[in-house]
Amino acid sequence: MLKNRNLVDPMDFTEEELDEVFSLAESIIDHPEAYVHKCEGKILATLFFEPSTRTRLSFESAMLRLGGRVLGFSEADSSSAAKGESLADTIRTVSQYSDIIAMRHPREGSATLATQHASVPFINAGDGGHHHPTQTLTDLLTIRRIKHRFDHLNIGLCGDLKFGRTTHSLTKAMARYANVHFTFISPEELRVPEYIRYNLSQKDVPYQEVERLESVIGNLDVLYMTRVQKERFFNEEDYVRLKDSYILDREKLRHAKDDLTVLHPLPRVNEIAVEVDDDPRACYFEQVRYGVFARMALIMKLLGV
Ligand code: CP
């Protein structure tokens, strides 16, 4: 029996496979009418044990736009996990009701565990502070559409780089392209995890770590802002002290390149002032839009339709 194809880690797809996904996403953008029946008769299950607006709804929008149907839950308390059911049993059960599963779960490693029990393709929609590979597909598609390349870029990642799983996944994915330089901007307590720095060093990928956004903003091609992840802090006091470490505003942007691309996986709290939204360099709502097309292409690839 053929094994299901899953997406758990941003490196699960080769560069060639990523190119296929992005070319398909771009074809859907250009000719959406050609794809409205592609998933007729198929069901996507969205199992969200943690809150979400974009990831869950963009998956559901993606499947509906492909002519498929969706079922699922948006909080653990409305599933039998609240009665003590194991994740393995939940996944075995939902595999009987659906053709493909997207799951978000607060535990690191839960996505890998789920693939061991799923009998249909499985997608990691965020596992704790670990990875968020479909956000990375969204981020890469946005960079491809705006910059037309993945190489020769200075990428700044700013904010909570310790708990921000989107930054972990994006760093891992972008590190395989030529002449990419990473600038990590965070307070000492929210530094990018040691294993990510180690992996970059092993591959001779250049990076620097700084605390002040103002000191580097003028050198960046892409600035990826992130929220301080309140839900992963152990105490409120630390969160309150660190939550407004960075606020991108018009004044800071005055020192940036004219063709800087500002991204944010969203939701934002205070880290990008609303006044920035009208700046042509602010691309985070365009990024939201590309999230649907990236997920449509991913669903089609994993279902083989
Ligand atoms: N970017 C992202 O994961 O957003 P949600 O938490 O709203 O899904």
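Presented here is a report on the structure given in the accompanying data block. (Residues numbered from 1 in each chain as written. Predicted model: local features only at pLDDT ≥ 70, side-chain atom pairs only at ≥ 80, totals over all residues. Heavy atoms only, no water.)

Looking now at the site of the ligand. Close to the ligand lie Ser-52, Thr-53, Arg-54, Thr-55, Arg-104, His-132, Gln-135, Pro-265 and Leu-266, which account for all nearby residues. Separating an oxygen atom of the ligand from a side-chain N or O atom of Ser-52 is a distance of 2.6 Å. Measuring from an oxygen atom of the ligand, one finds a side-chain N or O atom of Arg-104 at 3.0 Å. Tallied by class, the residues present in the shell around the ligand amount to 2 nonpolar, 5 polar and 2 charged. (Near = heavy atom within 4 Å. Polar contact = N/O pair within 3.5 Å; in protein donor to acceptor, adjacent residues only side chain to side chain. Nonpolar A, V, L, I, M, F, W, Y, C, P; charged D, E, K, R; others polar.)

Here we take up the packing of helix α1 (residues 15-30) against helix α5 (residues 133-147). Relative to each other, α1 and α5 sit at 70 degrees, their axes nearing to 11 Å. Between α1 and α5, the angle falls in the class roughly perpendicular. Of the two possible hands of crossing, α1 and α5 adopt the one that is right-handed. Residues Leu-18, Asp-19, Phe-22, Ser-23, Ala-25, Glu-26 and Ile-29 of α1 pack against Leu-137, Leu-140, Leu-141, Arg-144 and Arg-145 of α5. Of the residues in the contact of α1 with α5, the class split is 7 nonpolar, 1 polar and 4 charged. (Axes fitted to C-alpha atoms, helices over the stretch in contact; angles between N-to-C directions. Helix = DSSP H or I, 4+ residues; strand = E, 2+ residues; numbered from the N terminus. Parallel < 35°, antiparallel > 145°, perpendicular 65-115°, else oblique. Left-handed = near helix turned anticlockwise from the far one by under 90°. Contact = heavy atoms within 4.5 Å.)

In this section: the packing of α5 against helix α6 (residues 165-174). At a closest axis distance of 9 Å, the pairing of α5 and α6 adopts a crossing angle of 55 degrees. In terms of axis orientation, α5 runs oblique to α6. Where α5 crosses over α6, the handedness of that crossing is right-handed. When α5 is examined against α6, the residues Pro-133, Gln-135, Thr-136, Asp-139, Leu-140 and Ile-143 are found in contact with a partner set consisting of Thr-166, Ser-169, Leu-170, Ala-173 and Met-174. Counted by class, the contact of α5 with α6 contains 6 nonpolar, 4 polar and 1 charged residues.

The values reported here are purely geometric and, on their own, carry no functional implication.
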